[in-house]
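# Structural overview
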Amino acid sequence: MPSSIKSKVAHLCPYLSQIKPYTQQETFLDYLVNHYALMAMNKGTIDHARHMTKLLKSDFPTLPTLIVQRLKELRDTNRNF
């Protein structure tokens with residue numbers, strides 16, 4: 001494996017590795033909240049998460065508030081380690 005690939009694999013964001021495809025085992029709103037909260041935890045994808053949240057706000061008015069709550073949960077969980 002080339003060294004450039006190894007370095008990228010070694011620094012995979014732990015939050016982005018938690019993103020899973022939608023499986024209908026949860027509501028779509030819950031899926032979106034978790035998906036974009038995890039994306040917001042990575043500095044490389046936070047702008048995309050912000051952009052998509054703004055676009056989806058008309059269809060899901062509570063989405064930004066729920067994402068903020070999920071981010072607080074993720075940060076609190078991260079502090080306990």
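Structure shown above.
Residues numbered from 1 in each chain as written. Predicted model: local features only at pLDDT ≥ 70, side-chain atom pairs only at ≥ 80, totals over all residues. Heavy atoms only, no water.

Moving on to the nonpolar core. Counting 17 residues, the largest nonpolar core has Tyr-15, Leu-32, Tyr-36, Leu-63, Ile-67, Leu-71 and Leu-74 as its most contacted members. Counting residues per element, the ones that place at least two in this core are helix H2 (28–40), helix H3 (46–56) and helix H4 (63–79). Per-element accounting of this core gives the leading share, eight residues, to H2. Residues within four places of Leu-74 in sequence aside, it is in contact with Tyr-15, Ala-37, Leu-38 and Met-41. (Core = buried A, V, L, I, M, F, W, Y, C linked by side-chain atoms within 4.5 Å. Buried < 20%, exposed > 50% of the residue type's maximum accessible area, 1.4 Å probe, protein only. Helix = DSSP H or I, 4+ residues; strand = E, 2+ residues; numbered from the N terminus. Contact = heavy atoms within 4.5 Å.)

Turning our attention to the packing of H2 against H3. Angle between the axes and distance between the axes are the two parameters that describe a pair of packed helices. Two elements in contact, H2 and H3, have axes separated by 7 Å at closest approach and are oriented at 150°. By the angle class used here, H2 and H3 are roughly antiparallel. The way H2 lies across H3 gives a crossing that is left-handed. Contacts from Leu-32, Tyr-36, Met-39 and Ala-40 of H2 reach H3 at Ile-46, His-48, Ala-49, Met-52, Thr-53 and Leu-56. When the residues that make up the contact of H2 with H3 are grouped by side-chain class, the tally is eight nonpolar, two polar and no charged. (Axes fitted to C-alpha atoms, helices over the stretch in contact; angles between N-to-C directions. Parallel < 35°, antiparallel > 145°, perpendicular 65-115°, else oblique. Left-handed = near helix turned anticlockwise from the far one by under 90°. Nonpolar A, V, L, I, M, F, W, Y, C, P; charged D, E, K, R; others polar.)

Now for H3. All buried positions along H3 are accounted for by Ala-49, Thr-53 and Leu-56. With its buried residues spanning 70° around the axis, H3 presents them on a single face. Exposed residues on H3 whose side chains face more than 90 degrees from its buried face are Asp-47 and Lys-54. (Arc of directions from axis to C-beta.)

Quick look at the pattern of salt bridges now. Considering all chains together, one arrives at two salt bridges under this definition. The salt bridge involving Arg-50 is made with Asp-47; its shortest N-O contact spans 3.5 Å. A residue pair is termed a helical-turn pair when its members lie 3 or 4 positions apart in one helix, as Arg-50 and Asp-47 do in helix H3 at three residues. Note that Arg-70 and Glu-73 form a salt bridge whose closest N and O atoms lie 3.2 Å from each other. Linking Arg-70 with Glu-73, this pair stays in helix H4, spanning three residues, or about one helical turn. Classification of Glu-73 as partly exposed rests on a relative accessible area of 44%. (Salt bridge = Lys/Arg side-chain N within 4 Å of Asp/Glu carboxyl O.)

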